[in-house]
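# Descriptive analysis of the structure
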Amino acid sequence: MGHEGIGFKSGSARSSLPTTASRSRIPRGRQIQKTVNNVKITVLCGFVTLLVLRGTIGVGNLAGPSPGSDDQRVVEDIDRILREIRSDSEPDSWDPYQFMNLPSNSTANRNFTFEEASELVNYKLGPKISDWDEQRKIWLSQNPNFPNSVSSTGKPRILLVTGSAPNPCDNPMGDHYLLKTTKNKIDYCRLHGIEIAYNMAHLDRELAGYWAKLPLIRRLMLSHPEIEWIWWMDSDALFTDMAFELPLEKYQNHNLIIHGYPDLLFEQHSWIALNTGSFLFRNCQWSLDLLDSWAPMGPKGIVRDLAGQILTQNLKGRPAFEADDQSALIYLLTSQQDKWMNQVYVENSYYLHGFWAGLVDKYEEMIDKYHPGLGDERWPFVTHFVGCKPCGSYGDYPVERCLSSMERAFNFADNQILRIYGFGHKGLLSPKIKRVRSQTDDPLKEKENLNMEARIVT
């Protein structure tokens, strides 16, 4: 588990990220690879020696009947071995020093601090952009057919972004539940006039895993200047209040909306003070700057490992593991409060993120007592299955419990959609449906009288 959070220094001390004195040693796999390369170099020297002997003592029978052709084969063998050595010395996906371009073996054998490794890697999300607000304003004025608001409602245009890995799930049921969570998001977006994008491509192989959302969000901002808000939502999160709408009027003076608790963030410096499973970025220069400052802890390998040590030392309760995007954001915001926090809205008046374990067993009670449109603990806006990993081969909770709970959450939300058509699930664990409203010969009148915030009939 992590150490207690440290106090924050005031003034200029917040302007840079502190580093740790912890060091990282060269992994055993890399040492073995160097030994193999040395053996290959020895073999190469043997070939060179053979060639020199042949030219010096004139041992014709060593060369065979065609000296010229054998000389060529020796040269080709030497070239082949050199190519193999160069190939083996190039960075592999598992090599924590990849893309560091270390200049010599003596440099490669030394240890690094996070600051040194980060400087060598010099990772960037892309070319530095400093005038995005001006560029975007000009583009919007020149393209009136692509306004940054919805014409029918006047509300800002929102793009909901989610995604999954490009390969099939390890768990055979995982793809089925990915489909369900995607349907759930499409249903909500359709009801509320929100655009949706589903990504399955790794846009940056260095920012894999937790970090893959950062280059995607940046690319979408720059490619869609007509979008005012980019809303990221993890694939394992579901909308469970289909009537609730984001109170965007609250956020006119803010650029990042994220679920969290200020006391955990600023007093306890907890690693779970915020949750990056569901948050909104305004499409603006401030957001690009924050992404640029957030990303340097993310490149996989030694940088991410050393950054993880810093995060564990500085965030209360954090276990020892490589840097993750959520911890890095918390650390960035708390260590540079003056720079960022005046544009961040830490939201907890409704469940932009609701931890599933405390909610899924209460759905029947919610149906009996409350109604959609509340968005809080009475009828959670979002239920997020943190730690379940339905697509993976492992998780923090039993697979059976996760899948049955996801089924309950999906059907709880789906009942709010199906009732538009007069149907509902027979139970929260059943895919079968039943009719909950009789058909009528005046369907349009019934449609006009439909209230999405009305109590659910079971």
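Relevant structure appears above.
Predicted model, so just to flag it, every value in this text is computed and none were measured.

Before going further, it helps to spend a moment on the environment of V382. With respect to the helices and strands, V382 occurs in strand β8 (residues 382–384). Spatially, the C-alpha atom of V382 lies 5.8 Å from that of Y351, the residues being 31 residues apart in sequence. Each residue touching V382, except ones within four places of it in the same chain, is listed here: M233, A237, L238, F239, T240, Y351, L352, H353 and G354.

Bringing unusual backbone geometry into the picture now. Positive phi, close to 55°, is recorded for N122, a residue that is not glycine. Relative accessible area serves as the criterion here: at 47%, N122 is assigned to the partly exposed category. Unusually for a residue other than glycine, K389 sits at a positive phi of about 50°. Note that K389 resides in the loop between β8 and α15 (399–418). For K389, a relative accessible area of 35% corresponds to the partly exposed category.

Let's shift gears to the pattern of salt bridges. Taken as a whole and judged by the stated rule, the model has 17 salt bridges. Measuring nitrogen to oxygen at the nearest pair gives 3.1 Å for the salt bridge that ties R282 to E228. Residue R282 is found in strand β6 (residues 274–282), and its partner E228 is found in the loop between α8 (213–223) and β3 (229–233); the two are separated by 54 residues along the sequence. A residue is classified by how much of its surface remains accessible, and E228, at 11% relative accessible area, is buried. The closest approach of N and O atoms between K250 and E347, which form a salt bridge, is 2.9 Å. Taken together, the positions of K250 in the loop between β4 (237–239) and β5 (256–260) and E347 in strand β7 (residues 344–347) put the pair 97 residues apart, joining distant regions of the chain.

What follows covers the pairing of β5. For β5, the buried fraction is high: five of the five residues fall into the buried class. Neither face of β5 is left uncovered, since the one carrying L256, I258 and G260 and the one carrying I257 and H259 both have all their residues buried. Taken together, the four bridges between β5 and β6 define a ladder with antiparallel strand orientation. Among the inter-strand pairings, I257 is bridged to a residue of β6, identified as L280. Here β5 pairs with β7 via four bridges, running parallel. Counterpart to H259 in the pairing with β7 is E347.

This paragraph deals with the packing of helix α10 (residues 285–294) against helix α12 (residues 325–335). Running from N to C, α10 and α12 cross one another at 110°; their axes reach a closest spacing of 10 Å. Regarding the angle of α10 to α12, the classification is roughly perpendicular. Our pair here, α10 against α12, has a crossing hand that is right-handed. Listed contacts from α12 to L290, S293 and W294 of α10 are D325, A328, L329, L332 and L333. Split by residue class, the contact of α10 with α12 holds six nonpolar, one polar and one charged.

Attention now moves to the packing of helix α11 (residues 302–314) against α12. Two elements in contact, α11 and α12, have axes separated by 10 Å at closest approach and are oriented at 60°. For the element pair α11 / α12, the angle class is oblique. Taken as a pair, α11 and α12 cross one another with a handedness that is left-handed. Facing I310, L311 and N314 of α11, the residues of α12 in contact are S327, A328 and Y331. Of the residues belonging to the contact of α11 with α12, the class tally is four nonpolar, two polar and no charged.

Glancing now at the packing of aromatic side chains. The full count for this structure, using the stated rule, is 21 aromatic pairs. These aromatic residues form a ring-pair network of at least three members: Y188, W231, F239, F244, Y350 and F381. A cation sits over an aromatic face here: R318 above F321, 3.9 Å from the ring centre.

Let's shift gears to the nonpolar core. Among the nonpolar cores identified, the biggest contains 56 residues, and F281, L290, W294 and M297 are the most heavily contacted of them. Here W294 is in contact with W211, L214, T276, F279, F281, D325, A328, L329 and L332, once residues within four sequence places are set aside. The next biggest cluster of nonpolar side chains, apart from the first, holds 25 residues, and it includes W231, A243, Y251 and L352.

With that settled, consider the side chain of S278. Along the polypeptide, S278 turns up in strand β6. Excluding its chain neighbours within four sequence positions, the residues that come into contact with S278 are W231, W232, M233, H259 and L352.

Read from one edge of the open sheet, six strands run β2-β1-β3-β6-β5-β7, paired in mixed fashion. The sheet is open, and its two borders are formed by β2 (195–199) and β7, each paired with just one other strand. Averaged over all pairs of adjacent strands, the angle between strand axes in this sheet comes to 25°, irrespective of strand direction. Relative to β6, β3 runs antiparallel, the two sharing five bridges. From the neighbouring strand, M233 faces β6, where its bridge partner is S278. Of the strands in this sheet, β1 (158–163), β2 and β3 are in contact with helix α7 (residues 174–192), which crosses β2 at around 160°. Contacting β5, β6 and β7, α10 crosses the sheet at an angle of about 145° to β6.

Calculation criteria
- Numbers given for residues are sequential positions, taken from 1 along each chain in its written order.
- In keeping with the model being predicted, local features are shown solely for residues with a pLDDT of at least 70 and side-chain atom pairs are shown and tallied solely at 80 or more, while totals for entire chains, interfaces and linings include all residues.
- For the side-chain quantities, the full set of heavy atoms in the structure was used; hydrogens and water were omitted.
- In this text, helices come from DSSP runs of H or I with a minimum length of four residues, and strands from runs of E with a minimum of two, each type numbered from the N-terminal end.
- Here a residue-residue contact requires only that any non-hydrogen atoms of the pair lie within 4.5 Å.
- Only protein chains enter the accessibility calculation, which uses a 1.4 Å probe; a residue is then buried when its area is under 20% of its type maximum, exposed when over 50%, and partly exposed in between.
- One side-chain nitrogen of Lys or Arg within 4 Å of one carboxyl oxygen of Asp or Glu is enough to make a salt bridge.
- The pairing criterion for strands is at least two bridges between them, as found by DSSP.
- Each axis is a line fitted through C-alpha atoms, taken for helices only over the stretch in contact, and angles between the N-to-C directions span 0 to 180 degrees.
- Should an angle lie under 35 degrees it is considered roughly parallel, over 145 roughly antiparallel, and from 65 to 115 roughly perpendicular; all remaining angles are considered oblique.
- Take the far helix as your reference; a near helix turned counterclockwise from it by less than a right angle gives a left-handed crossing, and one turned clockwise gives a right-handed crossing.
- Put simply, Ala, Val, Leu, Ile, Met, Phe, Trp, Tyr, Cys and Pro go in the nonpolar bin, Asp, Glu, Lys and Arg in the charged bin, and everything else, Gly too, in the polar bin.
- In this analysis, rings of Phe, Tyr and Trp, with Trp reduced to its six-membered ring, are considered paired at centre separations within 6.5 Å, and the interplanar angle assigns stacked below 30 degrees, edge-to-face beyond 60, and tilted for intermediate values.
- Charge over a ring is defined by NZ of Lys or CZ of Arg lying within 6 Å of the ring centre and within 35 degrees of the ring normal.
- Residues grouped as a nonpolar core are buried Ala, Val, Leu, Ile, Met, Phe, Trp, Tyr and Cys residues, joined through side-chain atoms within 4.5 Å.

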